[in-house]
Amino acid sequence: MKRQRAKRRPLYRYDVYRGRRRGQARLTAAAVCAVLGLVLVLVRSLGIRFSGFLLLGAAALLTVSWLLDRLAAGNDRWLLVRRGFYGCVAVGLALLVGLEVVIINRGRSDRTPLPADAVIVLGAGVNGTEPSLSLRTRLDAALDYLETCPDIPAVLTGGTGYGEEISEAACMYDYLTERGVEPDRLILEDQASNTAENFARSRPLLEEAGVDPAESRVAVVTNDFHMARSELIAARQGYGDVAGVPAPLPWAHLTVNYYLREAFALVKTFLFD
């Protein structure tokens, strides 16, 4: 005997109406995300372009989910595709949440009270010759730490990026010396273009100053959202004991933007750095 296929529950008018309402709500949400995303991407002065790209991605996912729901109605093959799509989305969201837990935890792990043998201040953007908001918060945290540890050297690391008239290291040097830090304590590294190069190029400078990064404790000043990735890269490059000195951003919308961006940067570091 031929096996009878399970009968589908017939669709009633209420089911059709509810499905259309949910579809319309999803498309409306996709349109709102797309508009907001474009605004955040195009208006650079807001400083949260990454959040704009995330919103554009959310708009695309909502649109695809709406399309798959329509195609899966009465079609077993598209039903499997839809299930696979939602499964991938669920796994991606779970991974994002897990990474954010790690990043937030490390960002809140403040080891500032611990004495160190040297300090590395990681560079960030420079607006012409002036430090960006992110860099200024790092420098203020470095000032406080250098006051509590007055006899240790500090490596200022960061090259010259797009739109920067001077190197990040030179900008940090000017900022700190203008606020009373002795120039003899500051060691400039002005070639690095990313965090991995920051640590790689800072290591020989520390060794020249009599500090062995593999055996000594090195304090690292950076923003709180950047702390987890910085510690990972430092460990990979042979730094034995890193004491994180996190510098928080003053505005909540910037904090959310950079914490979200850092999750994707952490995946990149795991795979390629």
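Residues numbered from 1 in each chain as written. Predicted model: local features only at pLDDT ≥ 70, side-chain atom pairs only at ≥ 80, totals over all residues. Heavy atoms only, no water.

## Focus on the overall build of the chain
The condition is simple: For the purposes of this entry, the term helix denotes a DSSP run of H or I that reaches at least four residues, the term strand denotes a run of E that reaches at least two, and both are numbered from the N terminus. Every radius of gyration here is taken over C-alpha atoms, with the globule rule written as 2.2 Å times N^0.38, N being the number of residues. The cut-offs for exposure are 20% and 50% of the maximum accessible area for each residue type, with area from a 1.4 Å probe on protein chains only; residues under the lower value are buried, those over the upper are exposed, and the others partly exposed. Throughout, a residue-residue contact means that at least one pair of heavy atoms, one from each residue, lies within 4.5 Å. Each accessible area value is a Shrake-Rupley result obtained with a 1.4 Å probe; residue values ignore everything except the protein chains displayed when judging cover. Charge convention: Lys and Arg are scored as positive, Asp and Glu as negative, and His as well as the terminal groups of each chain are ignored. A charged residue contributes its charge at one atom only: NZ of Lys, CZ of Arg, CG of Asp or CD of Glu.
The helix and strand tally for the chain stands at eight helices and seven strands. The C-alpha atoms of the chain give 25 Å as radius of gyration, which overshoots the globular expectation for 273 residues (19 Å, by more than 25%). Here the chain holds 273 residues, and the buried ones make up 40% of them. For the chain, restricting intrachain contacts to residue pairs at least 6 apart in sequence, the fraction spanning at least 24 positions comes to 71%. Carbon together with sulfur atoms contributes 59% to the accessible area of the chain, which is approximately 15,900 Å² in total. Here the chain contributes 32 positively and 30 negatively charged side chains, and the mean placements of these two sets differ by 28 Å.

## A short note on the confidence of the model for the chain
It should be kept in mind that the predicted coordinates are not to be read in detail where pLDDT is low. Heads up, the rule is: pLDDT measures how confident the predictor is about each residue, on a scale from 0 to 100.
With 93% of its residues at a pLDDT of 70 or more, the chain has an overall mean of 89. Here residues 11-17 is a poorly scored stretch, pLDDT under 50, and it has three contacts once near neighbours within four places are set aside; other chains count.

## Considering the environment of F225
Topologically, F225 is positioned in the loop between β6 (217-223) and α7 (227-236). With relative accessibility at 3%, the residue F225 sits in the buried group. Residues F225 and R49, 176 residues apart in the sequence, show an inter-C-alpha distance of 16 Å. What F225 contacts, discounting residues up to four positions off in sequence, is I103, S134, L249, Y258, Y259 and E262.

## Here's the deal with the nonpolar core
The nonpolar side chains of a soluble globular protein tend to be buried, and buried together. The criterion, for reference: We call a set of buried Ala, Val, Leu, Ile, Met, Phe, Trp, Tyr and Cys residues a nonpolar core when their side-chain atoms join them within 4.5 Å.
Among the nonpolar cores identified, the biggest contains 26 residues, and V119, V121, L135, L139, Y145, L176 and V221 are the most heavily contacted of them. Those elements that provide at least two residues to this core are β1 (118-122), α4 (133-148), β4 (154-157), α5 (168-178), β6 and β7 (241-247). Considering each element in turn, this core owes the most residues, seven residues, to α4. Residue contacts for L176: discarding those within four places in its chain leaves L139, L143, L156, V181 and L186. One finds A118, L205, V220 and V242 within the second-largest nonpolar core, a separate group that totals 15 residues.

## Side note on the sheet that holds β7
Defined as follows: We call two strands paired when DSSP finds no fewer than two bridges between them. Here an axis means a line fitted to C-alpha atoms, over the contact stretch when the element is a helix, while the angle between two N-to-C directions is reported on a 0 to 180 degree scale.
Pairing is parallel across the open sheet formed by five strands, whose spatial order is β5-β4-β1-β6-β7. In the strand order of this sheet, the two ends are held by β5 (186-189) and β7, each with one partner. The average undirected angle you get between the axes of adjacent strands in this sheet is 25 degrees. Relative to β4, β1 runs parallel, the two being bridged by four bridges. Residue pairing across strands places I120 opposite V155, the latter belonging to β4.

## Quick look at the pattern of salt bridges
Heads up, the rule is: The salt bridge criterion pairs a side-chain nitrogen of Lys or Arg with a carboxyl oxygen of Asp or Glu, the two atoms within 4 Å.
One pass over the full model with this rule turns up 10 salt bridges. In this structure, R229 engages E262 in a salt bridge whose closest nitrogen and oxygen atoms are separated by 2.5 Å. Here R229, found in helix α7, pairs with E262, found in helix α8 (residues 252-272); they are 33 residues apart in sequence, far enough to count as distant. Looking at R229, the relative accessible area reads 14%, which means it is buried. One connected set of salt bridges, linked through shared partners, spans R26, D69 and R82.

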